[in-house]
Structures are given as C-alpha cells and as structure tokens.
Amino acid sequence: MFRQKPLRIAVAAIMLALVVGAMISSCSAVSIGDNFNYIGNTTGPLQKVLIGQNLQFNLTEGSNNFSSTPKVYRYVAGQLENTYTPDANGRIYNVNWPPTGAYYVSDNPSGPRTQAQLSVEEPIIPLILRVGSTEVTSIVVGTRLILDTSGINLFDEDRVDLTIIDPDGILIKTDVNGQVFADITVRLLTGTYGRGGPGITTSGWKLGNYTFQIETIPEHACGLRLRSEPRGLTSGRISAPPPAPTTPTPTPSLTPTLTPTLTATPTPVATPTGTPAPAVTTTPAISPPATPTPAPEESGFEAVFVFPGLVTLAYLLRRRQAKR
C-alpha cells in the first residue's frame with residue numbers, strides 16, 4: 001500500500017507536466033503561474049504583454065512554436081522603430097517597451113508582419129471596496145465585502161497576495177472564517193472575492209481600521225512586480241435596533257389653577273366736543289319730623305320739675321311788688 005504512494009505522485013506530476021506543455025504549445029500569451037508569459041508562434045489574436053513581465057518564446061517543436069530564436073519588431077506609422085532580441089533560451093526579462101505602436105514577432109526576418117503580433121500594455125490593478133454596488137470606507141462586522149477589480153489586466157493564473165492588515169497591524173493570511181488571502185490566483189481574486197462571487201465575509205473580524213492592497217508575487221506572475229493603491233476600511237459594531245413603538249397610556253395632566261391678578265383699568269374720560277349741558281340740581285327729599293319718643297313714666301318725675309318752677313315764680317312776684 002505504501003509503495004503505491006510514490007508511484008501515484010510520479011504519475012500526477014507527469015500528467016501536470018503534459019497539461020502545462022499542451023497549454024504552452026496550443027495557446028498564446030499564457031501564464032501558468034510561474035515566472036514567464038509564454039508567447040506562441042501564431043497569427044491569431046493579439047498576444048498580451050504587460051510592461052514589467054518576463055517573456056518566454058516557445059522554441060520547442062510544435063505547430064505553435066518558433067523554429068529558431070525570433071525577434072520582436074516595433075512599427076510606428078508604418079516605419080520600423082525598434083527591434084528586440086531574446087536571449088539564447090528565447091527569453092526577455094522585465095519588458096520595458098513603449099506601450100504604443102504595432103509589435104510583431106518573427107523567426108523570418110524577411111516577413112515579420114506575417115507572424116505573431118503582440119499587444120503591449122501597462123499593467124493595471126484597480127481596487128475598490130464595495131457592499132453591493134456601493135463604494136464603502138466603513139462596514140458593520142459581518143457584512144459581505146466585494147473587492148471590485150474591474151479593469152485588471154493580469155492573467156487569471158497569475159498569483160497575488162491580497163494584503164489585509166488588521167487593526168493590530170497584523171497581516172491576515174487566513175482569517176477566522178477560513179478564507180485564504182495569501183498566494184491566491186487572480187481568478188479567485190476576481191471571482192470568489194470580486195463582483196462575480198459572494199465576496200469576503202467579515203464575520204468575527206475585529207473592530208477598527210483595516211488596510212487592503214493587492215500585490216503580485218513576481219515568480220508566480222510572469223515576473224511582474226506591482227501593487228494596487230491601498231484602501232482603508234473601518235469595521236464597526238452593529239448598532240442596537242431602536243425599541244418598538246408602544247402605545248402610550250393616557251395620564252391625566254395636572255393643570256395648575258391660576259389665581260387671576262386684578263389690574264385696575266383706568267376709565268377713559270371722554271373729551272366733550274360741544275357745549276356742556278347744564279347740571280341738574282337735585283332737590284333733596286324732606287323727611288317728616290321724627291315723632292318724639294315719650295319718656296318713660298316714673299314715680300316723682302313731675303315733682304322734680306314743679307318745685308324749681310314754684311321758686312322761680314315766687315321770686316318774680318316779689319320783684320314786681322317791690323317796683324310798685
């Protein structure tokens with residue numbers, strides 16, 4: 001049983017080599033996740049070359065290979081401007097050609113325009129963080145985050161690191177949800193984590209500030225060294241939902257009794273506009289004389305008045321006689 005394991009590994013390695021060889025010989029401008037962009041001898045579609053890549057021209061036997069070391073010709077407005085020659089192994093490292101003009105690859109100097117044609121481009125790695133279709137700079141923990149890399153022109157099999165720095169300054173290679181961010185293919189980046197897939201789930205992530213950036217792994221991205229612009233993201237806690245509205249119980253309101261304050265309002269005096277009417281003199285009513293109240297009759301009351309009267313009368317009579 002244990003002797004069969006090395007045999008299985010050897011068979012798998014041979015099959016992988018055959019598949020890779022078939023890809024290189026039958027396709028043009030292809031990345032297999034190593035240090036080169038493989039260029040085939042075909043007059044089919046333009047073969048993409050990114051500035052900064054390493055190129056490998058196919059020299060092995062086959063219908064899609066060059067019979068000898070080819071040369072690259074650049075034409076501008078119909079005039080030959082540059083010629084680039086690979087080394088003895090058919091390789092060119094760190095392409096730094098102008099991204100303009102028409103490029104041809106030929107192992108026949110007399111007829112370069114009848115051979116393979118290249119499209120030279122600047123490499124592009126855009127990065128926008130989105131929730132749904134909305135660009136975001138902050139999310140709630142647990143939200144699915146979409147990495148929008150629309151316009152990226154790396155090859156699907158190129159390998160990159162999705163660099164995510166957490167709030168503690170630690171690089172996340174595999175997160176708490178088992179999501180792998182280190183040494184992944186561009187296919188996974190744009191598919192699973194991008195707009196074509198479910199995105200990145202942030203359940204269990206720490207609260208705080210994160211930094212996102214995409215960085216190529218040169219030895220697995222045709223030799224290309226490139227980083228995207230970094231993007232910042234703040235991960236926060238979900239806020240508590242507002243309490244459900246309740247029907248308030250009416251309570252009698254106590255209205256204070258106010259004691260009115262009486263303010264004296266002056267009575268306006270009308271200004272006469274004509275001759276004043278004569279004042280009417282009112283004659284007071286004459287009340288009838290009051291009836292004297294008879295004194296109470298008591299014993300000896302009359303004698304008190306009679307005796308002084310008699311004395312007075314006797315005095316008056318004596319004086320009268322003396323005058324005579």
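Above this text you will find the structure in question.
Conventions used here
- Residues numbered from 1 in each chain as written.
- Predicted model: local features only at pLDDT ≥ 70, side-chain atom pairs only at ≥ 80, totals over all residues.
- Heavy atoms only, no water.
- Phe/Tyr/Trp six-rings, centres within 6.5 Å; stacked < 30°, edge-to-face > 60°.
- Buried < 20%, exposed > 50% of the residue type's maximum accessible area, 1.4 Å probe, protein only.
- Lys NZ or Arg CZ within 6 Å of the ring centre and 35° of its normal.
- Pairing = 2+ DSSP bridges.
- Helix = DSSP H or I, 4+ residues; strand = E, 2+ residues; numbered from the N terminus.
- Core = buried A, V, L, I, M, F, W, Y, C linked by side-chain atoms within 4.5 Å.
- Contact = heavy atoms within 4.5 Å.
- Salt bridge = Lys/Arg side-chain N within 4 Å of Asp/Glu carboxyl O.

### Some points on the packing of aromatic side chains
The geometry of two aromatic rings is summed up by the distance between their centres and the angle between their planes.
Line of reasoning, step 1. Tallied over the full model, the rule gives ten aromatic pairs.
Line of reasoning, step 2. Arranged with centres 6.3 Å apart and planes meeting at 20 degrees, the rings of Trp205 and Phe212 form a pair that is stacked. Summarising the burial analysis for this pair, Trp205 and Phe212 share the class buried.
Line of reasoning, step 3. Through successive ring pairs, a cluster of aromatic residues spans Phe36, Tyr38 and Tyr93.
Line of reasoning, step 4. Stacked on the ring of Phe155, the Lys or Arg Lys48 has its end atom at 4.7 Å from the ring centre.

### With respect to the sheet that holds strand S14 (residues 159-165)
Line of reasoning, step 1. The strand order across the open sheet built from five strands is S12-S18-S17-S14-S15, with neighbouring strands paired in mixed fashion. Edge positions in the open sheet fall to strand S12 (138-140) and strand S15 (184-185), since each of these has one partner strand only.
Line of reasoning, step 2. Two elements, S14 and S15, share two bridges in a ladder whose sense is antiparallel. Within S15, the position partnered with Arg159 by the bridge is Thr185.

### Regarding the pairing of S14
Line of reasoning, step 1. In terms of strand pairing, S14 meets strand S17 (residues 208-216) through six bridges, oriented antiparallel. Pairing of Ile164 across the sheet is with Phe212, part of S17.

### Some words on the nonpolar core
Line of reasoning, step 1. Among the nonpolar cores identified, the biggest contains 26 residues, and Leu129, Leu147, Leu154, Leu162, Ile164, Phe181 and Phe212 are the most heavily contacted of them.
Line of reasoning, step 2. If we skip the residues at most four places from it in the chain, Ile164 touches Ile170, Leu171, Ile172, Phe181, Trp205, Tyr210, Thr211 and Phe212.

### Concerning the pairing of strand S9 (residues 116-121)
Line of reasoning, step 1. Pairing of strand S3 (residues 47-50) with S9 involves four bridges; the strand directions are parallel. Of the residues in S9, the one forming a bridge with Val49 is Val120.
Line of reasoning, step 2. Of the strand pairs in this sheet, strand S8 (residues 102-106) and S9 are connected by three bridges, and their pairing is antiparallel. When the bridges of S9 are listed, Tyr104 appears paired with Gln117.

### Focus: the environment of Leu118
Line of reasoning, step 1. Residue placement: Leu118 occurs in strand S9.
Line of reasoning, step 2. Along the chain, Leu118 and Ala29 lie 89 residues apart, while their C-alpha atoms are 8.7 Å from each other.
Line of reasoning, step 3. Leave out the neighbours within four places in its chain, and Leu118 touches Ile39, Leu46, Gln47, Val49, Val72, Trp97, Tyr103 and Val105.

### Observations regarding unusual backbone geometry
Line of reasoning, step 1. Notably, Ala77 is not glycine yet its phi reads approximately 55 degrees, a positive angle.
Line of reasoning, step 2. With respect to the helices, strands and loops of the structure, Ala77 is situated in the loop between strand S5 (71-76) and strand S6 (79-84).
Line of reasoning, step 3. Residue Asn94 is not a glycine yet carries a positive backbone phi of 50 degrees.
Line of reasoning, step 4. Position of Asn94 relative to the elements: it lies in the loop between strand S7 (91-92) and S8.

### Quick word on the sheet that holds strand S16 (residues 200-201)
Line of reasoning, step 1. The sheet built from four strands is open, its strands ordered S11-S10-S13-S16 with antiparallel pairing. In the strand order of this sheet, the two ends are held by strand S11 (134-135) and S16, each with one partner.
Line of reasoning, step 2. With two bridges joining them, strand S13 (residues 144-148) and S16 adopt antiparallel strand pairing. Looking at S16, one finds that Arg144 is bridged to Thr201.

### Thoughts on the pattern of salt bridges
Line of reasoning, step 1. Scanning the model with the defined rule gives eight salt bridges in all.
Line of reasoning, step 2. A salt bridge links Asp156 to Arg187, with the shortest nitrogen-to-oxygen separation between them at 3.7 Å. Here Asp156 is found in the loop between S13 and S14, whereas its partner Arg187 is found in helix H2 (residues 186-190), with 31 residues between them in sequence.
Line of reasoning, step 3. We classify Asp156 as partly exposed; its relative accessible area is 37%.
Line of reasoning, step 4. Across the pair Lys206 and Asp166 runs a salt bridge, and its minimum N-O distance is 3.8 Å.

### Re the side chain of Thr149
Line of reasoning, step 1. Counting through the fold element by element, Thr149 comes out in the loop between S13 and S14.
Line of reasoning, step 2. Note on Thr149: relative accessible area 5%, which makes it buried.
Line of reasoning, step 3. In contact with Thr149, not counting residues within four places along its chain, are Pro126, Leu127, Leu189, Thr190 and Ile214.

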